[in-house]
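# Observations on the three-dimensional arrangement
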Amino acid sequence: MTDSKYFTTTKKGEIFELKAELNSDKKEKKKEAVKKVIASMTVGKDVSALFPDVVNCMQTDNLELKKLVYLYLMNYAKSQPDMAIMAVNTFVKDCEDPNPLIRALAVRTMGCIRVDKITEYLCEPLRKCLKDEDPYVRKTAAVCVAKLHDINAQLVEDQGFLDTLKDLISDSNPMVVANAVAALSEIAESHPSSNLLDLNPQSINKLLTALNECTEWGQIFILDCLANYTPKDDREAQSICERVTPRLSHANSAVVLSAVKVLMKFMEMLSKDLDYYGTLLKKLAPPLVTLLSAEPELQYVALRNINLIVQKRPEVLKHEMKVFFVKYNDPIYVKLEKLDIMIRLASQANIAQVLAELKEYATEVDVDFVRKAVRAIGRCAIKVEQSAERCVSTLLDLIQTKVNYVVQEAIVVIKDIFRKYPNKYESVIATLCENLDSLDEPEARAAMIWIVGEYAERIDNADELLESFLEGFHDESTQVQLQLLTAIVKLFLKKPTETQELVQQVLSLATQDSDNPDLRDRGYIYWRLLSTDPVAAKEVVLAEKPLISEETDLIEPTLLDELICYIGTLASVYHKPPSAFVEGGRGVVHKSLPPRTASSESTESPETAPAGAPPGEQLDTVPTQGDLLGDLLNLDLGPPVSGPPLATSAVQMGAVDLLGGGLDSLIGAPSFVAPPAAAVPANLGAPMGSGLSDLFDLTSGVGTLSGSYVAPKAVWLPAMKAKGLEISGTFTRQAGSISMDLQLTNKALQVMTDFAIQFNRNSFGLAPAAPLQVHAPLSPTQTVEISLPLSTAGSVMKTEPLNSLQVAVKNNIDVFYFSTLYPLHILFVEDGKMDRQVFLATWKDIPNENEAQFQIRDCPLNAEAVSSRLQSSSIFTVARRNVEGQDMLYQSLKLTNGIWVLAELRIQPGNPSFTLSLKCRAPEVSQHVYQAYETILKN
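Under the annotation held in an unreviewed UniProt entry, the protein chain carries the name AP complex subunit beta and is attributed to Ovis aries. Among the UniProt annotations of the protein chain, the heading Subcellular location (unreviewed entry) holds the following wording: "Endomembrane system". Recorded in UniProt for the protein chain, the comment headed Sequence similarities (unreviewed entry) runs: "Belongs to the adaptor complexes large subunit family."

The secondary structure content of the protein chain amounts to 39 helices and 13 strands. For the protein chain, with 939 residues in total, the buried portion stands at 52%. Sequence separation of 24 or more characterises 68% of the internal contacts of the protein chain that already satisfy a separation of 6 or more. Working note: accessible area of the protein chain is about 42,000 Å², and carbon and sulfur atoms make up 51% of it.

Before going further, it helps to examine the sheet that holds strand 5 (residues 767-768). Pairing is antiparallel across the open sheet formed by 5 strands, whose spatial order is 1-2-3-6-5. Of all strands in the sheet, those with a lone pairing partner are strand 1 (714-717) and strand 5, marking the two edges. When strand 1 meets strand 2 (residues 725-734), the two strands line up antiparallel, connected through 3 bridges. Within strand 2, the position partnered with Leu 717 by the bridge is Ile 727.

In this section: a negative patch on the surface. A contiguous patch of negative charge on the surface is contributed by Glu 464, Glu 467, Glu 471 and Glu 501. As for its placement among the helices and strands, Glu 471 is situated in the loop between helix 27 (462-470) and helix 28 (478-494).

Across the 10 residues of helix 37 (residues 836-845), 8 count as buried, placing the element largely inside the fold. Arg 836, Gln 837, Val 838, Phe 839, Leu 840, Ala 841, Thr 842 and Trp 843 are the residues of helix 37 that are buried. Measuring from the side-chain oxygen of the N-cap residue of helix 37 to the backbone nitrogen of Gln 837 gives 3.0 Å; that N-cap residue is Asp 835.

The peptide bond linking Glu 800 to Pro 801 adopts the cis configuration, its omega dihedral lying at 0 degrees. Mapped onto the elements, Pro 801 comes out in the loop between strand 6 (783-791) and strand 7 (804-810). At His 575, a position not held by glycine, the phi torsion is positive, near 60 degrees. Note on placement: His 575 falls in the loop between helix 33 (570-574) and helix 34 (630-634). In this model, Asp 858 sits at a positive phi of 55 degrees, which is unusual for a non-glycine residue. As for its placement among the helices and strands, Asp 858 is situated in the loop between strand 9 (851-856) and helix 38 (863-871).

The sheet built from 3 strands is open, its strands ordered 4-7-8 with antiparallel pairing. Only two strands of the sheet have a single neighbouring strand rather than two, namely strand 4 (756-759) and strand 8 (815-821). Within this sheet the neighbouring strands show an average axis-to-axis angle of 25 degrees, counted without direction. As judged from the 7 bridges shared by strand 7 and strand 8, these two strands associate in the antiparallel manner. Of the residues in strand 8, the one forming a bridge with Gln 806 is Ser 819.

So, on to the environment of Gly 568. Mapped onto the secondary structure, Gly 568 falls in the loop between helix 32 (557-564) and helix 33. Linking Gly 568 and Val 256, residues 312 residues apart in sequence, is a C-alpha distance of 8.8 Å. In this structure, Gly 568 is in contact with Leu 257 and Asn 305, ignoring residues within four places of it in sequence.

Here we take up the confidence of the model for the protein chain. Per-residue pLDDT for the protein chain has a mean of 80; in total, 85% of the residues score no lower than 70. Put simply, helix 36 (residues 662-667) is where the protein chain has its lowest mean pLDDT, 31, and strand 5 is where it has its highest, 93. Contacts from residues 598-706, a stretch scored under 50 in pLDDT, to residues over four places away or in other chains number 214 contacts.

Another aspect to go through is the nonpolar core. In this structure, Tyr 72, Leu 126, Leu 207, Val 244, Leu 358 and Phe 418 are the most contacted members of the largest nonpolar core, which totals 213 residues. Lining this core are residues from two domains, each supplying at least three of them: domain 1 (346-438) and domain 2 (441-532). Those residues in contact with Leu 358, other than ones at most four positions away along the chain, are Leu 339, Met 342, Ile 343, Ala 373, Ala 376, Ile 377 and Cys 380.

What follows is about the packing of aromatic side chains. Summed over all chains, the structure comprises 12 aromatic pairs. Seen in terms of ring centroids, Phe 839 and Tyr 890 are 6.4 Å apart; in terms of plane orientation they differ by 80 degrees. Their pairing is edge-to-face. Within this pair, whereas Phe 839 is found in helix 37, its partner Tyr 890 is found in strand 11 (residues 886-894), the two being separated by 51 residues in sequence. Three or more aromatic residues joined by ring pairs form one cluster here, namely Trp 716, Phe 731, Phe 818 and Tyr 822.

With that settled, consider the pattern of salt bridges. Inspection of every chain in the model, using the stated rule, returns 38 salt bridges. Of the charged contacts in the structure, one is a salt bridge between Asp 831 and Lys 894, with a shortest N-O distance of 3.9 Å. Taken together, the positions of Asp 831 in the loop between strand 8 and helix 37 and Lys 894 in strand 11 put the pair 63 residues apart, joining distant regions of the chain. Each of the salt bridges in this network shares a partner with another, and the network as a whole consists of Arg 371, Arg 375, Glu 409, Glu 441 and Glu 443.

Turning to the packing of helix 30 (residues 517-532) against helix 31 (residues 534-541), a few remarks are in order. At a closest axis distance of 6 Å, the pairing of helix 30 and helix 31 adopts a crossing angle of 135 degrees. Our classification of the angle between helix 30 and helix 31 gives oblique. Contact residues: helix 30 offers Tyr 526, Leu 529, Leu 530 and Thr 532, while helix 31 offers Pro 534, Ala 536, Ala 537, Val 540 and Val 541. Residue composition of the contact of helix 30 with helix 31, grouped by class: 8 nonpolar, 1 polar and no charged.

What follows is about the packing of helix 10 (residues 135-151) against helix 13 (residues 174-190). Between helix 10 and helix 13, the least distance of the axes is 8 Å, while the angle of their chain directions is 5 degrees. Classed by the angle they form, the pair helix 10 and helix 13 counts as roughly parallel. The residues of helix 13 that touch helix 10, namely those facing Pro 135, Arg 138, Lys 139, Thr 140, Ala 142, Val 143, Val 145, Ala 146 and His 149, are Met 175, Val 176, Asn 179, Ala 180, Ala 183, Glu 186, Ile 187 and Ser 190.

Consecutive residues of a regular strand have side chains that alternate between opposite faces of the sheet. The sheet contact formed by strand 3 (residues 737-746) and strand 6 spans 8 bridges and is antiparallel. When the bridges of strand 6 are listed, Leu 742 appears paired with Ile 786. Both strand 5 and strand 6 contribute to a ladder of 2 bridges, which runs antiparallel. Bridge pairing in strand 6 links Ala 767 to Ser 791.

Here the focus is helix 17 (residues 253-267). Compared with an ideal rise of 1.5 Å per residue, which puts 15 residues at 21 Å, helix 17 spans 21 Å between its outermost C-alpha atoms and is within 8% of the ideal. Among the 15 residues in helix 17, 14 count as buried, and that is most of the element. With a side-chain oxygen lying 2.7 Å from the backbone nitrogen of Ala 254, the N-terminal cap of helix 17 falls on Asn 252.

Let us now look at the pairing of strand 7. In terms of residue burial, strand 7 counts as a mostly covered element, since 6 of its 7 residues are buried. As judged from the 4 bridges shared by strand 4 and strand 7, these two strands associate in the antiparallel manner. Looking across to strand 7, one finds that Gln 758 is bridged to Ala 808. The hairpin formed by strand 7 and strand 8 contains 4 residues between the paired strands.

Next up on the list: the environment of Glu 295. In this fold, Glu 295 is placed in the loop between helix 18 (275-291) and helix 19 (296-312). You can call Glu 295 partly exposed: its relative accessible area is 46%. Once the C-alpha coordinates of Glu 295 and Asp 330 are considered, the two residues, 35 residues apart in sequence, prove to be 9.8 Å apart.

Mapped onto the elements, Val 334 comes out in helix 20 (residues 332-345). The residues contacting Val 334, other than those within four sequence positions of it, are Pro 296, Gln 299, Tyr 300 and Leu 303.

Calculation notes
Residues numbered from 1 in each chain as written. Predicted model: local features only at pLDDT ≥ 70, side-chain atom pairs only at ≥ 80, totals over all residues. Heavy atoms only, no water. UniProt positions renumbered as here; feature names shortened; annotations may be inferred. Helix = DSSP H or I, 4+ residues; strand = E, 2+ residues; numbered from the N terminus. Buried < 20%, exposed > 50% of the residue type's maximum accessible area, 1.4 Å probe, protein only. Contact = heavy atoms within 4.5 Å. Areas by Shrake-Rupley, 256 points an atom, 1.4 Å probe, with all protein chains shown as cover. Pairing = 2+ DSSP bridges. Patch = residues over 30% accessible without salt bridge, like charges linked within 9 Å, V, L, I, M, F, W, Y side chains within 5 Å. Salt bridge = Lys/Arg side-chain N within 4 Å of Asp/Glu carboxyl O. Lys, Arg positive; Asp, Glu negative; His and termini not counted. Charge placed at Lys NZ, Arg CZ, Asp CG, Glu CD. Polar contact = N/O pair within 3.5 Å; in protein donor to acceptor, adjacent residues only side chain to side chain. Axes fitted to C-alpha atoms, helices over the stretch in contact; angles between N-to-C directions. pLDDT = per-residue confidence, 0-100. Core = buried A, V, L, I, M, F, W, Y, C linked by side-chain atoms within 4.5 Å. Domains from an automatic or database assignment. Phe/Tyr/Trp six-rings, centres within 6.5 Å; stacked < 30°, edge-to-face > 60°. Parallel < 35°, antiparallel > 145°, perpendicular 65-115°, else oblique. Nonpolar A, V, L, I, M, F, W, Y, C, P; charged D, E, K, R; others polar. Expected span 1.5 Å × (residues − 1).

In structure tokens, the structure reads:
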């Protein structure tokens, strides 16, 4: 009879009866009673009152009964810690039982009892089991160490269990090795700083030997451990790859993906010229294809991983397009993922095949899938230029079907095709305009409005078309409203005489009737542009647009390299690093691919350059998609100047007040026209109203610029990491020019030539303004000093931290990567002194939540010295005042990208601690500005 009978009892007074049965002399009755207790516990009844009686049943030779008692013990030990101590003697005894199964059971249960009181009693039995003669006991004890470490890490370290665990890596039994590796990896993840898995060629050799003989889960542990190892050179990397390759034909898909992860990592170190590299690429494809014949859930995981692999190395699967063709019975999540990979693999060679397939998909019944298929046709056109014409005609055929959602998706992608290939396919606009009335989705409406505005001069009735959208302006989504506003302004600039009324109508709707701040602001900007300088408006609104890139949805290279290190884990399915979804710091270690050792590589691509920085050297600069500061950093958040907005003399001072006198009302001062900045005497203050204005009644001294503080050179790239090339450096700013002062030293035995340098995208667009000029070959032991001019016109991408810079340096030997931090004060511009009234208005205007406070300690300078020292680094004192014995300095500075930072510095005479308050529209800058203050004042 089955054990289900134990779950059907509903008797009352059960606990009392069970107590009697547990104390029975008959073994069978005892076993029946324990089974009933476990059944009650499983369905949620509280049977903790029976704890002493159940523990008494531990003294038995019956393995089944022992397992049941241990199960009970694990469940209730936490709520009954004092009782649990009663079981300690039995554990100690069971750890010396002649039956290895009982010894292993005892040590396994010990690890699961998470009670601090009894952990120290379990150390001795655990130590014996770690050195047990039976491998089954040893492998169980290895996992127990990891569990014990989670309960009491200090105890495990003091008892020397970690060293014993390291010794088990050399065990003769492969399963013991696998479990030891698993336990050490688990402990290392919770303590990233500890160097527990100190892998070397000898220990790697032992792991590879065990790999062939242990179970599939053991193989996964060993492969994951191998993936964390960085081989010393390409020969060792190749040797490991050769021994891991057989795992690709394993039946378990987890083993296959773990092997793929190891190979993908170590391929970084192999030269592409090697024959073996080509062989390895060919071997990687079949196992990945085989994974696609599994059940749909496994297919999905495989496809998400393949998506990463194809982005890193498209050549792996370039001949396998057909396996990604969608089957009629695939679930939608598999279909969409396959579509994505088809686009990534699309090339001139297979585009005809892909397009035929996509056109077929566009006639399916699943709406989401059809939409994605239509978008995919557009992406093909953008990716493979030769196919663009065929893609456009395919899209036109689909528009003729008059299926609403197909038409709308087609219009969205045709807009992108116009952006990629201007003046090529505009003949289709007439067909698009015919479908105007059927558009009901915001994205499609916005795309159509963009097309009408962009090509207004080619559409005779453009004004009528846009006017038809204007009728229901307030019912449209924000996306459509913004697009409509821009399109009508474009139309006005192209046909000013016919559309004056239309543009006034839309500007009025956007600025007066709308409560959306984005729409209102854009309306005001267009209004001011059109009323002050129509020529400038034309240059801004009708500027030539950059071509859109081929693959806008590629994962950012540094993130991609990190995700490759997580193939076969949740991170590779989410396409996010573990830090994005794992709570707390446990188990989150940033990983990166090993550096290339092959000399054939060049530093062509600034995006991919620093991806291979050695793990120890690379800063944590993994910018994520959607994290770019693009808009934020390019906004000129300069202070608006009060005064009549259309007066030309007011414009000379900087940004125009978009609200036309709005700041005057903030300050409470009469309107005035500011003369050119140079003509304002230092002591002439504009009329002030009430409020904060009386703070600014003192003039600030104006010192002469003596050049900003320069930090001493630091070693950025040690010779041991760069095959003998040592690079030291610092950053300087003088007379408005930024430079990177480098010192290159050749500590190798060969001459170095052909130097070049490149930066990865960074928060402030820093880039070399000239090539790296090393005029003569760099002989062994020779040192050369170089000043590399920098510009801030490079590509912008937010990095973490904000002031990190990834650099690639190439010479005749190899390409080397390093990361460094630049001090923010090199970005403080010389025209960063704000007018006092504007300072006051801007301070009020910036929200209070953007204010940050910092303490500057151990700075014995007085207010005069502080002001003078900061001014030499372009931090300007706008005003100074003494309030209740404290010196208050009100300061402004401006960064190269136009962001203003306002500061209030409180100095108490005789007190070396200052209080610094910073306000800025981009608050993430404040921490780095504070560090700049500290650096300048303390050096």
